Amino acid sequence: MTGTALLEVENLHTSFAVRRSGRTRRVAAVDGVSLSLADGEVLGLVGESGCGKTTVGRSIMHLARPQSGRVMFRGVDLLAARGMRERDLRLNIRMVFQDPYASLNPRRTIGDSVAEAGDINRAFKDSADRRHRVEATLASVGLDPSLAARFPHELSGGQRQRVGIARAILPTPSIIIADEPVSALDVSVQAQVVNLLMELREKLGLSMIFISHDLGVIGHVSDRIAVMYMGRIVESGETEAILARPAHPYTKALLAAVPQPDASLRIAGAMPASEPPSQFAALDGCAYAPRCPLASERCRIETPQLRLWGQTQRLLACHNV
Amino acid sequence: MTDVANHSDRRPGLIRLWIGPLLARPVALLGVAILLVVVLFAVAAPLIAPYDPSAYDALIRLSPPNPQHWFGTDQFGRDTLSRVIYSARMALLVGVGVVVFALVTGVPVGVFSALFPRLGQLLMRAIDVLMAFPSLLLALGLIVILGPSVANSIIAIGAGFLTTTARIVYGLALRLKMETYVEAARSMGSRTGWLVLKHVLPNLISPLLVQASFVFAFAQLGAASLDFLGVGAPPNIPSWGNMLAEARNFITRAPWLLFFPGMMIVLTAFALNLVGDALRDRLDPRLRSAFGAER
Amino acid sequence: MLSVSNLTVSIGPQARPVDIVSDVSFSIAPGEILGLVGESGCGKSMTSLAVMGLLPHPGPRIRSGRVEIDGADVTGLEPWQRVEAGRARMAMIFQEPMTSLNPVRRIGDQIAEAVRVYERLHAAATRERARELLELVRIPDADLQLSAYPHQLSGGMRQRVMIAMALASRPQLLIADEPTTALDVTVQYQILGLLRELSARLSMATLFITHDMGVVAQLADRVAVMYAGCIVETASASALFRHPAHPYTRALMDCMPVRGIRGQSLRTIPGQAPQPGTILVGCAFAPRCPNAREICRTTAPPRLDVGISHEALCVFPVTGEAAA
């Protein structure tokens with residue numbers, strides 16, 4: 001990990017207004033998240049539904065409007081950028097979406113979809129240039145270049161996801177934010193797409209924010225992991241360290257729950273039901289306290305902040321570890 | 001490393017895409033056949049009509065259908081069949097005119113309302129007000145303001161359909177706005193114009209095509225109504241509505257004057273509805289099979 | 001309790017049927033959980049629908065084979081026919097509980113409705129039974145939750161309500177079609193634990209369908225692996241994960257990211273599964289199998305015994321331990 005941070009997210013707050021039973025309430029999807037991405041690094045953002053990881057990704061891409069906080073790319077504030085600046089930034093940070101069936105316009109050819117970023121931002125010299133680059137990109141994601149003339153419904157889920165990746169690398173960006181890129185795919189196809197992403201990262205020198213709820217996949221691809229719960233990062237650090245010695249009680253619970261293909265780990269019986277609280281519940285103190293075996297009085301009053309913990313640059317937000 | 005595509009055949013050509021479902025339902029074929037006849041009438045009227053539609057012959061006035069005049073003659077001795085054939089031109093002109101008007105006005109209203117929610121609320125309320133009027137009353141009202149003529153009757157009838165078109169487009173565009181591929185385009189820096197041109201409009205084509213066939217059908221009825229009331233096409237231009245208006249005075253004496261133009265109106269509207277149904281049925285299963293069965 | 005023998009489900013015209021489920025056989029004893037695992041399109045959902053008697057009309061139909069529940073032959077009978085006949089109590093839970101629950105009715109009412117299908121009790125007793133069922137599935141504050149609406153509950157809670165409704169009939173057989181796929185992993189863990197407890201406590205045979213090998217390992221006593229409409233391997237869970245015999249099972253396990261190989265390429269299965277309904281010659285997996293030989297492409301593979309109640313549909317089953 002080099003010293004220069006390619007992307008710095010500082011104290012991001014993104015909330016949504018939701019109308020429930022006649023009243024409009026604010027849901028804090030991202031509640032003060034800061035993270036950094038170094039050049040060439042893969043940062044895994046992991047958490048369950050409602051934790052805000054997708055919203056973090058979308059806020060960085062400016063698809064969701066943060067209420068406060070900064071996102072700095074090579075020292076430039078992304079959220080404040082306009083005009084040519086914004087265009088350059090848009091080309092440099094790209095997103096791969098989760099649903100291969102919904103992320104491609106069914107009425108546009110594969111080639112048109114892949115070339116879209118270039119078309120919008122006038123990155124092609126002429127139509128021959130465009131055609132060559134589209135075909136080269138398709139080949140680099142393991143697809144036959146002749147597929148450029150086809151339509152999405154002619155392709156399988158795995159192929160469509162590759163098209164989505166192709167779209168995200170033409171022209172080559174610096175950062176890719178992958179929002180659950182393999183969650184909608186079969187296991188054998190997941191493996192192929194994961195391999196592809198790793199390969200492209202090598203070849204193109206990409207940095208990545210890999211968002212997923214699947215700890216197995218995240219553990220495999222990430223250099224560092226950040227665990228999110230209810231809009232906040234509760235633990236972050238090097239992947240190996242976190243997987244081997246999870247510190248935060250939630251991280252431990254998450255790891256314990258991940259299904260491993262090992263029959264000796266069979267679940268013995270039922271345990272009391274414990275679920276994340278509703279997103280509307282305004283909580284004081286630690287969001288995990290209601291489910292936490294280590295919870296103390298202090299946990300219910302005072303929100304734990306991320307602090308350095310242990311030797312290996314680990315950040316942890318817990319009073320009791 | 002490349003995995004094989006699910007579908008080994010190429011995407012069926014545009015023709016096959018639309019003709020296919022029509023062929024699949026024999027009833028729709030009937031509709032297509034009738035429409036082709038109408039189009040033939042309109043296009044080749046001078047060639048197929050046995051007589052000049054305005055040729056008078058007082059000697060044979062009000063003759064019932066006979067070998068010389070298959071559809072009989074009217075009170076001026078004009079050949080009904082020829083008039084029916086020439087009227088097809090009016091029918092097509094008004095039909096196409098109304099569809100174009102409805103699309104040209106309704107689509108932008110719908111799209112802008114969806115993309116700019118605040119403006120959209122206002123526009124949709126205005127549309128609601130327009131929809132409160134029964135379509136014939138609305139058309140009549142507009143004719144009173146604009147004056148009777150073919151062009152104005154197109155506008156008057158079209159206004160009624162601009163509302164439904166705008167509503168449909170609004171709903172569709174709202175949904176399209178949330179599609180992941182639109183998000184993806186936004187994430188790449190696309191502006192509203194690009195989104196509309198490349199993503200919203202192309203996905204509107206199919207539903208609008210279906211809508212167009214129904215609009216065409218009801219435009220026939222609307223035009224016939226206006227003509228019948230005397231505020232549409234001027235009486236010297238043959239149209240089925242005009243023919244009905246003139247036949248009113250001869251219902252008992254010469255029922256054929258009522259029957260043939262009336263039948264043409266009914267058949268044309270019916271045929272368009274059949275075709276519209278078939279096209280609409282094609283849309284739904286396509287969407288479902290394209291998005292559901294492939295998992 | 002459940003015995004499926006040579007079940008074949010086909011689609012297409014009577015004269016030229018196309019099999020989407022071929023010659024599937026397995027059995028589940030009371031209190032046992034069988035995991036039916038396979039990727040999308042392998043036919044596992046169709047199999048469960050056929051067992052339940054829920055095949056859509058018109059469409060796929062049982063071409064041959066038998067389904068027996070507690071000794072009673074229920075092949076092809078729809079659920080209402082089975083209820084009327086008074087035999088074979090079974091229930092099914094699905095992946096998306098929100099679509100199985102009526103959003104405008106309270107939870108308590110919906111469970112009561114399920115209870116009333118099987119038991120004629122007066123209102124208070126029905127409500128009491130509904131509360132009992134909610135407690136059985138470990139929903140906290142069962143009394144309160146009876147008056148709740150589905151949208152007020154989380155995904156995990158809704159799935160528990162579905163399970164409660166399924167239990168209203170005191171089923172001998174429970175079929176669960178990917179019930180945890182849409183749930184968070186910590187909630188999934190709890191639901192799986194609940195299902196284990198229930199199957200043991202109520203002596204219920206459970207058929208659990210999933211695409212996730214890890215979930216199968218966490219939950220099932222025995223496992224059947226499906227590929228292209230056939231069961232390619234059946235074994236106890238421990239035997240399967242320690243000595244997978246069919247090359248497809250092995251390949252599937254090898255694809256999963258496991259701690260320890262971080263940074264390396266994951267192993268993949270080249271090619272693609274055959275489209276449901278494609279006519280196959282020889283072994284369905286041969287085009288993608290690393291061990292395939294000439295005979296695999298021409299002859300249908302036999303079902304070989306490779307261990308104690310461990311079968312594999314393969315000419316050359318793999319021996320030896322699974323890769324770590």
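Residues numbered from 1 in each chain as written. Chains lettered and ligands numbered in written order. Predicted model: local features only at pLDDT ≥ 70, side-chain atom pairs only at ≥ 80, totals over all residues. Heavy atoms only, no water.

**Thoughts on the overall build of chain B**
- Secondary structure summary: chain B contains ten helices and zero strands in total.
- Beginning at the N terminus, the succession of helices and strands in chain B can be written as α-α-α-α-α-α-α-α-α-α.
- For chain B, the residues scored as buried account for 50% of the 295 residues in total.
- Taking all contacts inside chain B whose residues are at least 6 apart in sequence as the whole, residues at least 24 apart take part in 71%. (Helix = DSSP H or I, 4+ residues; strand = E, 2+ residues; numbered from the N terminus. Buried < 20%, exposed > 50% of the residue type's maximum accessible area, 1.4 Å probe, protein only. Contact = heavy atoms within 4.5 Å.)

**Here we look at the layout of surface pockets**
- One number sums up the size of the second largest pocket: a volume of about 1,100 Å³.
- Considering the residues around the second largest pocket, the lining is formed by 28 residues, among which Arg186(B), Ser190(B), Arg191(B), Thr192(B) and Leu195(B) are closest to the centre.
- Those elements giving two or more residues to the lining of the second largest pocket turn out to be helix H2 (83-92) and helix H3 (110-120) of chain A together with helix H7 (180-187) and helix H8 (192-229) of chain B.
- Element by element, the count of residues in the lining of the second largest pocket is highest for H2(A), at five residues.
- Grouping the constituent residues of the lining of the second largest pocket by class yields ten nonpolar, six polar and twelve charged.
- The two domains that each donate at least three residues to the lining of the second largest pocket are domain 1 (5-92 + 173-276 + 308-316) and domain 2 (106-172) of chain A. (1 Å grid on protein atoms, 1.4 Å probe; cavity = no way out; pocket = protein on both sides within 12 Å on 5 of 7 lines; lining within 4 Å. Points joined across faces, edges and corners; volume = space filled by probe spheres on them. Nonpolar A, V, L, I, M, F, W, Y, C, P; charged D, E, K, R; others polar. Domains from an automatic or database assignment.)

**With respect to the domain arrangement of chain A**
All names here are of chain A.
- The domains assigned to chain A are domain 1 (5-92 + 173-276 + 308-316) and domain 2 (106-172).
- The centre of domain 1, based on its C-alpha atoms, is set 27 Å off from the matching centre of domain 2.
- Listed by partner, the interface residues are 17 residues for domain 1 and 13 residues for domain 2.
- Each partner contributes to the roughly 1,300 Å² buried at the junction of domain 1 and domain 2, and carbon and sulfur atoms together form 69% of this total.
- Per-residue buried area on domain 1 facing domain 2 is highest for Leu 91, Pro 173 and Leu 196; these three make up 37% of the total on that side. (Buried area = accessible area lost by both parts, 1.4 Å probe.)

**Let's talk about the interface of chain A and chain C**
- In this complex, chain A contributes 43 residues to the contact, which on the side of chain C involves 51 residues.
- For the pairing of chain A and chain C, the buried interface totals around 4,000 Å² over both sides, and the portion due to carbon and sulfur atoms is 57%.
- A per-residue breakdown of the area chain A buries against chain C is headed by His220(A), Arg266(A) and Ile267(A), which together make up 17% of the total.
- Connecting chain A to chain C are zero salt bridges. (Salt bridge = Lys/Arg side-chain N within 4 Å of Asp/Glu carboxyl O.)

**Some words on the pattern of salt bridges**
- One pass over the structure, following the stated rule, counts 36 salt bridges over all chains.
- Here Arg191(B) makes a salt bridge to Glu86(A), at a shortest N to O gap of 3.8 Å. Residue Arg191(B) is found in the loop between H7 and H8, and its partner Glu86(A) is found in helix H2; the two belong to separate chains.
- The partner of Arg78(B) in a salt bridge is Asp74(B), and the shortest N-O contact between them spans 3.0 Å. In this structure, Arg78(B) and Asp74(B) share a single accessibility class: buried.

**Looking at the packing of H8(B) against helix H9 (residues 240-247) of chain B**
Residues and elements named next belong to chain B.
- For the pair H8 and H9, the least separation of the axes is 7 Å and the interaxial angle reads 40°. In terms of orientation, H8 lies oblique with respect to H9. Two packed elements cross with a definite hand, and for H8 against H9 that hand is right-handed. Where H8 approaches H9, its residues Gln 220, Ala 224, Asp 227 and Phe 228 are matched on the opposing element by Trp 240, Gly 241, Asn 242, Leu 244 and Ala 245. (Axes fitted to C-alpha atoms, helices over the stretch in contact; angles between N-to-C directions. Parallel < 35°, antiparallel > 145°, perpendicular 65-115°, else oblique. Left-handed = near helix turned anticlockwise from the far one by under 90°.)

**Brief notes about the packing of helix H5 (residues 135-146) of chain B against H8(B)**
Residue and element names in this part refer to chain B.
- Contact geometry of H5 with H8 gives a least axis separation of 11 Å together with a crossing angle of 50°. When the interaxial angle is binned, H5 and H8 end up oblique. For the crossing formed where H5 meets H8, the hand is right-handed. For the pair H5 and H8, contact is made by Leu 136, Ala 139, Leu 140 and Ile 143 and by Ser 225, Leu 226 and Leu 229, respectively.

**As for H5(B)**
Residue and element names in this part refer to chain B.
- With twelve residues, H5 extends 16 Å between its outermost C-alpha atoms, agreeing within 8% with the 16 Å of an ideal straight helix rising 1.5 Å per residue.
- Leu 138, Ala 139 and Ile 143 are the residues of H5 that are buried. Seen from one end, H5 has its buried residues packed into an arc of 135°, which puts them on one side. Exposed residues pointing more than 90 degrees away from the buried face of H5 are listed as Leu 137, Val 144 and Ile 145.
- Looking at the buried residues of H5, the elements they touch are helix H4 (117-132), helix H6 (150-177) and H8. (Expected span 1.5 Å × (residues − 1). Arc of directions from axis to C-beta.)

**Concerning empty space enclosed by the protein**
- Under the criterion given, the structure shown has nine cavities of 30 Å³ or more.
- By volume, the largest cavity is sized at about 120 Å³.
- In terms of residue class, the lining of the largest cavity is built from seven nonpolar, one polar and two charged.

**Comments concerning the sheet that holds strand E11 (residues 303-307) of chain C**
All names here are of chain C.
- Spatially, the eight strands line up as an open sheet ordered E6-E7-E8-E3-E9-E10-E12-E11, and their pairing is mixed. Bordering the open sheet on either side are strand E6 (90-93) and E11, each of which pairs with just one other strand. The average undirected angle you get between the axes of adjacent strands in this sheet is 20°.
- Of the pairings in the sheet, the one linking strand E3 (residues 33-37) to strand E8 (residues 205-210) comprises five bridges and is parallel in character. When the bridges of E8 are listed, Leu 34 appears paired with Leu 207. (Pairing = 2+ DSSP bridges.)

**As for the sheet that holds strand E5 (residues 72-73) of chain C**
All names here are of chain C.
- Read from one edge to the other, the open sheet built from four strands follows the order E2-E1-E4-E5, with strand pairing classed as antiparallel. The open sheet has two free edges, formed respectively by strand E2 (18-28) and E5, since each of these has just one partner strand.
- Where helix H1 (residues 44-52) meets the sheet, its contacts fall on strand E1 (2-11), E2 and strand E4 (61-69), and the angle it forms with E1 comes to roughly 115°.

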